[in-house]
Amino acid sequence: MTVESGVAVPAIIRARLEALADPVYKAFNAKLIPNVDPNTMIGIRVPVLRAVAKDLRGGDRAVVDRFFADLPHKYFEENMLHAILLGNVCGSVGKAIDELTRFLPYADNWAVTDTIRIRALRRAGADARLMLNQLERWMQADATYTVRYAVVELMTDFLDSRFDAAHLRLVGGISSSEYYVNMARAWYFATALAKQWESALPVLQKHILDPWTHNKTIQKACESYRVTPEHKALLRSLRV
């Protein structure tokens with residue numbers, strides 16, 4: 001897609017998405033993401049949205065920039081498309097942070113935040129410290145899904161070679177009554193137990209987490225094929 005004079009790019013993209021509507025999938029998705037108004041859903045499967053994103057990514061970058069600037073979006077699927085594009089078109093970590101700072105206040109569900117994957121962060125030499133500093137700030141935000149994004153991002157890109165035990169304290173220090181925040185925290189710690197067992201186990205042994213997140217972490221870890229039977233037995237003994 002290219003930009004033409006006088007053409008409202010967001011409206012063109014919206015019409016393209018509306019033409020892909022699948023009512024059956026819309027009904028399914030509405031049940032999966034109950035906090036999103038079904039009237040804001042079109043009903044488009046993620047692989048189809050990724051195909052649209054690929055097409056936009058291969059065209060005029062000005063089209064993507066105009067779409068990014070059109071906030072808030074009307075549809076859930078526009079937010080999903082935005083999330084997919086964010087990960088692919090931001091050529092640097094700094095640019096990704098700028099775009100995320102603009103977009104995250106409009107993210108209102110787990111599906112959108114959990115879709116964002118910043119490819120620039122995965123390249124050798126990427127400024128991981130810049131992202132870590134920003135993630136720490138986002139974890140202190142009031143917005144539920146900004147916090148969730150920060151936790152999921154830390155889990156996705158900082159539990160392997162970039163792992164530091166200080167990250168456990170960041171996530172452990174989050175105080176929230178929000179289900180989708182604490183579910184992300186449990187997911188993070190369960191994954192940490194699978195990847196960084198020796199560092200993560202003391203979080204449960206010392207009862208650093210609130211009881212709900214503590215027990216949910218154990219549940220999710222015990223459901224994981226990456227945690228050994230011996231470790232699962234120990235985790236079950238730590239339930240509160």
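Remember, it's a predicted structure, so these values are computed and weren't measured experimentally. (Residues numbered from 1 in each chain as written. Predicted model: local features only at pLDDT ≥ 70, side-chain atom pairs only at ≥ 80, totals over all residues. Heavy atoms only, no water.)

Peer 1: Sorry if this is basic, but what is going on with the side chain of Thr144 here?
Peer 2: Inspection of the secondary structure puts Thr144 in helix α9 (residues 144–157). The buried category is assigned to Thr144, whose relative accessible area is 16%. (Helix = DSSP H or I, 4+ residues; strand = E, 2+ residues; numbered from the N terminus. Buried < 20%, exposed > 50% of the residue type's maximum accessible area, 1.4 Å probe, protein only.)

Peer 1: In this structure, what is going on with the nonpolar core? I would like to understand it.
Peer 2: Considering soluble globular proteins, one finds that nonpolar side chains tend to be buried as a cluster. Grouped together as the largest cluster of nonpolar side chains are 81 residues, with contacts concentrated most on Met131, Tyr188 and Leu235. Residues in contact with Leu235, not counting those within four places in the same chain, are Leu193, Trp197, Leu201, Leu204, Ile218, Ala221, Cys222 and Val227. (Core = buried A, V, L, I, M, F, W, Y, C linked by side-chain atoms within 4.5 Å. Contact = heavy atoms within 4.5 Å.)

Peer 1: Quick question: what am I supposed to make of the packing of helix α1 (residues 9–18) against helix α5 (residues 76–89) here?
Peer 2: For any two helices packed against each other, one specifies the inter-axial angle together with the distance between the axes. Two elements in contact, α1 and α5, have axes whose closest approach is 10 Å; the angle formed by their N-to-C orientations is 110°. Classified by the angle their axes make, α1 and α5 are roughly perpendicular. On α5, the residues that touch Pro10, Ile13, Arg14 and Leu17 of α1 are Glu77, Glu78 and Leu81. (Axes fitted to C-alpha atoms, helices over the stretch in contact; angles between N-to-C directions. Parallel < 35°, antiparallel > 145°, perpendicular 65-115°, else oblique.)

Peer 1: Is there a simple way to think about the packing of aromatic side chains in this case?
Peer 2: In this description, a pair of aromatic rings is defined by centroid distance and the angle of the planes. Counted under the stated rule, the structure contains six aromatic pairs. Ring geometry for Trp138 and Tyr149: centres 5.8 Å apart, planes at 70°, overall edge-to-face. With a gap of 11 residues between them, Trp138 in helix α8 (residues 128–139) and Tyr149 in helix α9 connect regions that are remote in the sequence. Judged by its relative accessible area of 8%, Trp138 is buried. Between the aromatic rings of Tyr145 and Tyr180, the centroid separation amounts to 6.0 Å while the plane-to-plane angle is 40°, which identifies the pairing as tilted. Of the two residues, Tyr145 is situated in helix α9 and Tyr180 in helix α11 (residues 179–195); the sequence distance between them amounts to 35 residues. Residue Tyr145 shares its accessibility class with Tyr180, and that shared class is buried. (Phe/Tyr/Trp six-rings, centres within 6.5 Å; stacked < 30°, edge-to-face > 60°.)

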